[in-house]
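Descriptive analysis of the structure
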Amino acid sequence: MSVLIYIENRDGKFKKLSYELVSYASQLAKQLNITAVALSIGNVDEAELKSLGNYGADKILDVQDDRLNVLVNKAYTSIIAQVAEKEGADIVIFAHNFSGKALAPRVAVRLKAGVASGVTALPGSLDPFTVQKGVFTGKAIANVVIKSPVKVLTLFQNSVEIIETENKASIEAFQPVLNDDDFKTKVLDVTKVTGKLLLTDAEIVVSGGRGMKDPGNWGPLEELAAVLGGAMACSRPVSDEGWRPHDEHVGQTGKIIAPNVYFALGISGAIQHLGGVSSSKHIIAINTDKDAPIFESADYGVVGDVQKVLPALIQAIKEAR
Amino acid sequence: MKILLCLSNVPDTTTKIRFTEDNTQFDTTGIQWIINPWDEFALTRALELKEKGTNIEKITVINVGGKATEPTIRKALAIGADDAVRVDAEPADAYFVAAQIADFAKTEDYDIILCGIDSSDYNGSLVGGMLAEFLDYPSVSSVSGLDIEGSEVKIKREIDGGQEHIHTELPFVAIVQKGISLEPRIPSMRGIMMARKKPLNVKTPVEAEALTEFVSYELPPAKSACKMIDAENLQELVGVLQNEVKIL
Ligand SMILES: Cc1cc2nc3c(=O)[nH]c(=O)nc-3n(C[C@H](O)[C@H](O)[C@H](O)COP(=O)(O)OP(=O)(O)OC[C@H]3O[C@@H](n4cnc5c(N)ncnc54)[C@H](O)[C@@H]3O)c2cc1C
């Protein structure tokens, strides 16, 4: 009887979302009076593994294998299913991101489990097991009942508090059974930027739209991001035009983010754009058009030209420090 | 090579969402239906590859849905898919849908199965992965590039902060996202005419369970009005960053 959490690592380190997952799972495990077991796959050192105990993991299972330092969907699925069986998992939890979206559906079929994906809170009811999730790309919330005995959840970022507890976790190595059939996909090469704050990790996001008018006009945005320690983002037409890289595109068809603060600069606030950013805690908009729809979704707004307002704002921020 | 493309029929992205029957049903009155945006990207890529002269014999689209989804399926045919299958059942949940598609895919030897990373209605991000598992095929998700050279498939996968090039054995399931193709296409008049003659086969569903149920809906809490700050008084915005957002 347990809640099993799959914990991804990036170059051997865990991210905030992983600790959110453990906090969520340990609260759920308490409600159900069962244990919270975390599973890490890939090379992660002992101190990092142990850190999962700070948020309520009772047991940490560690699978290390050099073939598993990149995501191999079938192999990972086999491992998670094996651990789920060994630990008698009633609920298996993933992050609603790159790895969770790849693995949760496969694991669910293996375990004949129903899935609620992008869950935003602890269950409203344990019987029937009912959770909330966003639907219609942020436009509505649904209550979903999972009817199968084993349940799979993927947790939406920034939707639960991280809660520290006394660390009582034990770490155990787990030796999965894998065969060649699990490795039919192979990663040939990897290109990665290092040292750059990733958009999906950022608490502060500075985002520009077509209102910036020219790829040469992004200086003040980059400066604001640098001054605040934030990451850059953009609307779809901006990345389609090649003004900014594709990995900065946020919205319904781009990245979905939920930072502490989102600066929407020269962005009109189209519904498809909002689909990717409306879960941000605070939205601050600057737009020349006082009737721009973005002001209906923003918490704070300034009517004005970004090229004039931003340098003044940066100056004022520097003075306030 | 043969490509199977999973198509979800979704409300236009600008739709105002409403519910009926005490907030237990999505209100479909007056809705404009479209091909799910990611499935459209996938279809566009499949056509680009076919036109490039790679050895693609056939692109089949499959949808699980009632008769009402046929105009959307016909649109995919008009854009350029060769034939279509509609599994005649309401798409009860992702598990049910994936089981239906798997049953069809088993009968034909498709080399590449394409799915969008998300369906813009229920935002599950589930069908592609579930389908791969039902079929015991390898799957690659977050695919932002797909190419074919001879019998070799080249895949680009987006990872956090970078990209990977991936080799896979066939058959496999590619779960695709933005970057996979250029602009989606608009059906031409000729395409629309031709689509009428292309096969759209209706398949009886197999026995499968739904493991989840969407029992009720709510709209997000209304947002409080935007607080407007004068462009001449940015001190006030700095105050917000200090006291409300707490980042200074
Ligand atoms: C299926 C589908 C999916 C889509 N997915 C996405 C998505 O994921 N993300 C996304 O962003 N869009 C998406 N879109 C596109 C979306 O509908 C909008 O077209 C897009 O978001 C508009 O981008 P924008 O706000 O940058 O540009 P615009 O709508 O052109 O807005 C520019 C804004 O800048 C303001 N402005 C101009 N000059 C200045 C200045 N000097 N200072 C301040 N403000 C200024 C203008 O008043 C205007 O409000 C999608 C559309 C479809 C159909």
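Quick caveat: nothing in here was measured; it's all calculated off a predicted structure. (Residues numbered from 1 in each chain as written. Chains lettered and ligands numbered in written order. Predicted model: local features only at pLDDT ≥ 70, side-chain atom pairs only at ≥ 80, totals over all residues. Heavy atoms only, no water.)

1. Observations regarding the sheet that holds strand β15 (residues 227-229) of chain B
Judged by pairing direction, the sheet is parallel, and its 6 strands sit side by side in the order β13(A)-β12(A)-β14(A)-β15(A)-β16(A)-β15(B) without closing on themselves. What marks the edges here is a single partner per strand, and that holds for β13 (231-234) of chain A together with β15 of chain B. Recorded for the sheet is a direction-independent mean angle of 20 degrees between the axes of neighbouring strands. Sheet topology note: the strand β14 (residues 261-265) of chain A/strand β15 (residues 282-287) of chain A ladder contains 5 bridges and is parallel. What sits directly across from A:Val261, in β15(A), is A:His282. (Pairing = 2+ DSSP bridges. Helix = DSSP H or I, 4+ residues; strand = E, 2+ residues; numbered from the N terminus. Axes fitted to C-alpha atoms, helices over the stretch in contact; angles between N-to-C directions.)

2. Topic: the environment of A:Ile284
Here A:Ile284 is to be found in strand β15. For the pair A:Ile284 and A:Tyr300, spaced 16 residues apart in sequence, the C-alpha separation works out to 4.8 Å. If near-sequence neighbours (up to four positions away) are discounted, A:Ile284 is found in contact with A:Val261, A:Tyr262, A:Phe263, A:Ala264, A:Tyr300, B:Leu237 and B:Leu241. (Contact = heavy atoms within 4.5 Å.)

3. Some words on the sheet that holds strand β12 (residues 172-176) of chain B
Ordered by their spatial adjacency, 10 strands build an open sheet running β11(A)-β11(B)-β10(B)-β9(B)-β12(B)-β8(B)-β1(B)-β6(B)-β7(B)-β13(B), and the pairing between neighbours is mixed. The open sheet terminates on both sides in strands that have one partner only, identified here as β11 (185-192) of chain A together with β13 (200-203) of chain B. Sheet twist, expressed as the average angle between the axes of neighbouring strands with direction ignored, equals 30 degrees. Sheet analysis places β11(A) next to strand β11 (residues 162-168) of chain B, joined by 7 bridges and oriented antiparallel. Note that in β11(B) the partner of A:Asp189 across the bridge is B:His165.

4. Structural notes on the domain arrangement of chain A
Residue and element names in this part refer to chain A. Domain boundaries in chain A define domain 1 (2-183) and domain 2 (199-320). Relative to domain 2, the C-alpha centre of domain 1 lies at a distance of 32 Å. Opposite the 8 residues of domain 1 that make contact, domain 2 presents 11 residues. Three residues, Thr137, Gln157 and Asn158, lead the burial of domain 1 against domain 2; their summed loss comes to 54% of the area buried on that side. Taken together, domain 1 and domain 2 are joined by 3 salt bridges. Across the pair Glu203 and Lys16 runs a salt bridge whose closest N-O atoms are separated by 3.1 Å. (Domains from an automatic or database assignment. Buried area = accessible area lost by both parts, 1.4 Å probe. Salt bridge = Lys/Arg side-chain N within 4 Å of Asp/Glu carboxyl O.)

5. Here's the deal with the pattern of salt bridges
Applying the stated criterion across every chain yields a total of 41 salt bridges over all chains. With a shortest N-O distance of 3.0 Å, A:Lys318 and A:Glu223 are connected by a salt bridge. Here A:Lys318 is found in helix α9 (residues 306-320), whereas its partner A:Glu223 is found in helix α5 (residues 219-228), with 95 residues between them in sequence. Two residues, B:Asp103 and B:Lys203, come together in a salt bridge whose shortest N-O distance is 2.8 Å. With B:Asp103 in helix α3 (residues 94-107) and B:Lys203 in strand β13, this residue pair connects regions lying 100 residues apart in the sequence. The network of salt bridges with common partners includes B:Lys2, B:Lys58, B:Asp83, B:Glu108 and B:Asp109.

6. Overview of the packing of aromatic side chains
Here the structure, examined in full by the defined rule, presents 12 aromatic pairs over all chains. Between the aromatic rings of A:Tyr6 and A:Phe94, the centroid separation amounts to 6.0 Å while the plane-to-plane angle is 45 degrees, which identifies the pairing as tilted. You can see A:Tyr6 sitting in strand β1 (residues 2-7) and its partner A:Phe94 sitting in strand β4 (residues 89-95), a full 88 residues away along the chain. Across the pair, exposure class does not vary: A:Tyr6 and A:Phe94 are buried alike. For the ring pair A:Tyr19 and A:Tyr55, a centre distance of 4.6 Å and an interplane angle of 40 degrees mean the geometry is tilted. With A:Tyr19 in helix α1 (residues 16-32) and A:Tyr55 in the loop between α2 (46-50) and β3 (59-63), this pair connects stretches of sequence that are 36 residues apart. In terms of burial, A:Tyr19 and A:Tyr55 fall into one category: buried. Counting every residue linked through ring pairs, the aromatic cluster contains A:Phe136, B:Phe19, B:Phe26, B:Tyr122, B:Phe214 and B:Tyr217. It is B:Lys2 that lies over the ring of B:Tyr110; its NZ or CZ is 5.5 Å from the centre. (Phe/Tyr/Trp six-rings, centres within 6.5 Å; stacked < 30°, edge-to-face > 60°. Buried < 20%, exposed > 50% of the residue type's maximum accessible area, 1.4 Å probe, protein only. Lys NZ or Arg CZ within 6 Å of the ring centre and 35° of its normal.)

7. Quick look at a nonpolar patch on the surface
Residue and element names in this part refer to chain B. Taken together, the side chains of Met189, Ile192 and Met193 define a hydrophobic patch exposed on the protein surface, amounting to about 290 Å² of accessible area. Examined against the element boundaries, Met193 turns out to sit in helix α5 (residues 189-197). You can call Met193 partly exposed: its relative accessible area is 44%. (Patch = residues over 30% accessible without salt bridge, like charges linked within 9 Å, V, L, I, M, F, W, Y side chains within 5 Å. Areas by Shrake-Rupley, 256 points an atom, 1.4 Å probe, with all protein chains shown as cover.)

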